[in-house]
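# Residue-level structural notes
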Amino acid sequence: VRIGLHSGEVEHRAADLVGTAVNLAARVQAQANPGEILVSRTIVDLVAGSGLSFVDRGAHVLRGIKGEWRLFALTV
């Protein structure tokens, strides 16, 4: 199992969710190793103070998404 998380605005079309945030979450998931939960900087910022810990996995170019995105692995 590989999990990728990002948070942002989505558009609801019929029974589907679409938009840049959905695409970005899929691209983050594609970078995750088996058994890993990988998140965008947005998620790290949103959960600040929660006690969750992350390891910086560096900047990545995500297919179809402009720029570089810093990704973080959730540690347990």
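The structure we're discussing is the one just above.
Conventions and cut-offs
Residues numbered from 1 in each chain as written. Predicted model: local features only at pLDDT ≥ 70, side-chain atom pairs only at ≥ 80, totals over all residues. Heavy atoms only, no water. Helix = DSSP H or I, 4+ residues; strand = E, 2+ residues; numbered from the N terminus. Rg over C-alpha atoms; globule rule 2.2 N^0.38 Å. Pairing = 2+ DSSP bridges. Axes fitted to C-alpha atoms, helices over the stretch in contact; angles between N-to-C directions. Contact = heavy atoms within 4.5 Å. Buried < 20%, exposed > 50% of the residue type's maximum accessible area, 1.4 Å probe, protein only. Expected span 1.5 Å × (residues − 1). Arc of directions from axis to C-beta.

### A word on the overall build of the chain
- If you tally the helices and strands in the chain, you get two helices and six strands.
- Overall, the chain shows an N-to-C arrangement of helices and strands of β-β-β-α-β-α-β-β.
- Here the chain has a C-alpha radius of gyration of 13 Å; the compact-globule value for 76 residues is 11 Å, and the two agree.
- If one aligns the C-alpha atoms of the chain with their principal axes, the spans along those axes are about 35 × 25 × 25 Å.

### Quick word on the sheet that holds strand 6 (residues 68–75)
- In space, the four strands of this open sheet follow the order 1-4-6-5, with mixed pairing throughout. Sheet topology places strand 1 (3–5) and strand 5 (53–61) at the edges, where each strand pairs with a single neighbour. On average, each strand axis in the sheet is inclined to that of its neighbour by 30°, with strand direction left out of account.
- As paired strands, strand 1 and strand 4 (residues 37–40) are joined by three bridges and run parallel to one another. In the sheet register, Leu5 faces strand 4, and the bridge partner there is Val39.
- Seen against the sheet, helix 1 (residues 20–31) touches strand 1, strand 4, strand 5 and strand 6 and runs at an angle of roughly 140° to strand 1.

### Topic: the environment of Gly4
- Structurally, the position occupied by Gly4 is in strand 1.
- Note on Gly4: relative accessible area 17%, which makes it buried.
- Separated by 39 residues in sequence, Gly4 and Ile43 place their C-alpha atoms 10 Å apart.
- Each residue touching Gly4, except ones within four places of it in the same chain, is listed here: Ala25, Val28, Gln29 and Leu38.

### Focus on helix 1
- Along its 12 residues, helix 1 runs 17 Å from first to last C-alpha, staying within 8% of the 16 Å computed at 1.5 Å per residue.
- Among the residues of helix 1, Ala21, Leu24, Ala25 and Val28 are the ones counted as buried. Projected onto a plane normal to the axis of helix 1, the buried residues spread over an arc of 100° and lie on a single side.
- If you follow the buried residues of helix 1, they end up packed against strand 1, strand 4 and strand 6.

By themselves, these are just geometric observations and shouldn't be taken as functional.
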